[in-house]
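Here is how the chains run, residue by residue.
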Amino acid sequence: QVHLVESGGGLVQAGGSLRLSCAASGHTLSSYSMAWFRRSPGNERQIIASSRWSDSSTAYADSVKGRFTISRENAKNMLYLQMNSMKPEDTAMYYCAARAIGASEFDYWGQGTQVTVSS
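Because the structure is a prediction, the values reported are computed rather than measured.

Peer 1: Got a minute to help me understand the overall build of the chain in this structure?
Peer 2: The helix and strand inventory of the chain stands at zero helices and 11 strands. Along the chain, from the amino end to the carboxyl end, the secondary structure elements read β-β-β-β-β-β-β-β-β-β-β. Reported as C-alpha extents along the three principal axes, the dimensions of the chain are approximately 40 × 25 × 25 Å. For the chain, with 119 residues in total, the buried portion stands at 42%. The contacts of the chain with a sequence gap of at least 6 include a subset with a gap of at least 24, amounting to 55%. Within the chain, one finds 11 positive and 9 negative side-chain charges whose respective centroids are separated by 4 Å.

Structure follows, in structure tokens:
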């Protein structure tokens, strides 16, 4: 099993930046595809950034493309989300998640960290 703990959330003004971190324990992250999701009140949980286990290639939702960057340090079992040019609509609970090789869904989730962007 993989245990995930997010940190780095908080309150930021529009246009500002935050970096979220996700610390993993239990297994090395090199064997997992990783992603960041977010959920705002009244909305479904949305995947916003992902990093494939095989080559660390990344993908982003259109809503964050060009502003957010997902990265990983497998040796440290860490996942990051650098968020720049933030907007009030980025306000949400952010979660990191892990998907094992061969799995069809993300199996492991952190508890989430709240991000609030003020206008």
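The rest of the description comes next.
Peer 1: Before we go on, may I ask you to explain the state of the cysteines in this structure?
Peer 2: In a disulfide, the sulfur atoms of two cysteines are covalently bonded to one another. Applying the stated rule across the entire model yields one disulfide. Between Cys 22 and Cys 96 runs a disulfide, and the two sulfur atoms are separated by 2.0 Å. Residues Cys 22 and Cys 96 are joined by a disulfide whose S-S torsion is about 50°; by sign, that bridge is right-handed. With a gap of 74 residues between them, Cys 22 in strand 3 (residues 18-25) and Cys 96 in strand 9 (residues 92-100) connect regions that are remote in the sequence. Both residues of the pair, Cys 22 and Cys 96, belong to the buried class.

Peer 1: In this structure, what is going on with the side chain of Ser 40? I would like to understand it.
Peer 2: Tracing the backbone shows Ser 40 in the loop between strand 4 (32-39) and strand 5 (46-51). At a separation of 2.6 Å, a polar atom in the side chain of Ser 40 contacts the side chain of Asn 43. What Ser 40 contacts, discounting residues up to four positions off in sequence, is Thr 91 and Ala 92.

The rules behind the values
- Residues numbered from 1 in each chain as written.
- Predicted model: local features only at pLDDT ≥ 70, side-chain atom pairs only at ≥ 80, totals over all residues.
- Heavy atoms only, no water.
- Helix = DSSP H or I, 4+ residues; strand = E, 2+ residues; numbered from the N terminus.
- Buried < 20%, exposed > 50% of the residue type's maximum accessible area, 1.4 Å probe, protein only.
- Contact = heavy atoms within 4.5 Å.
- Lys, Arg positive; Asp, Glu negative; His and termini not counted.
- Charge placed at Lys NZ, Arg CZ, Asp CG, Glu CD.
- Disulfide = S-S within 2.5 Å.
- Polar contact = N/O pair within 3.5 Å; in protein donor to acceptor, adjacent residues only side chain to side chain.

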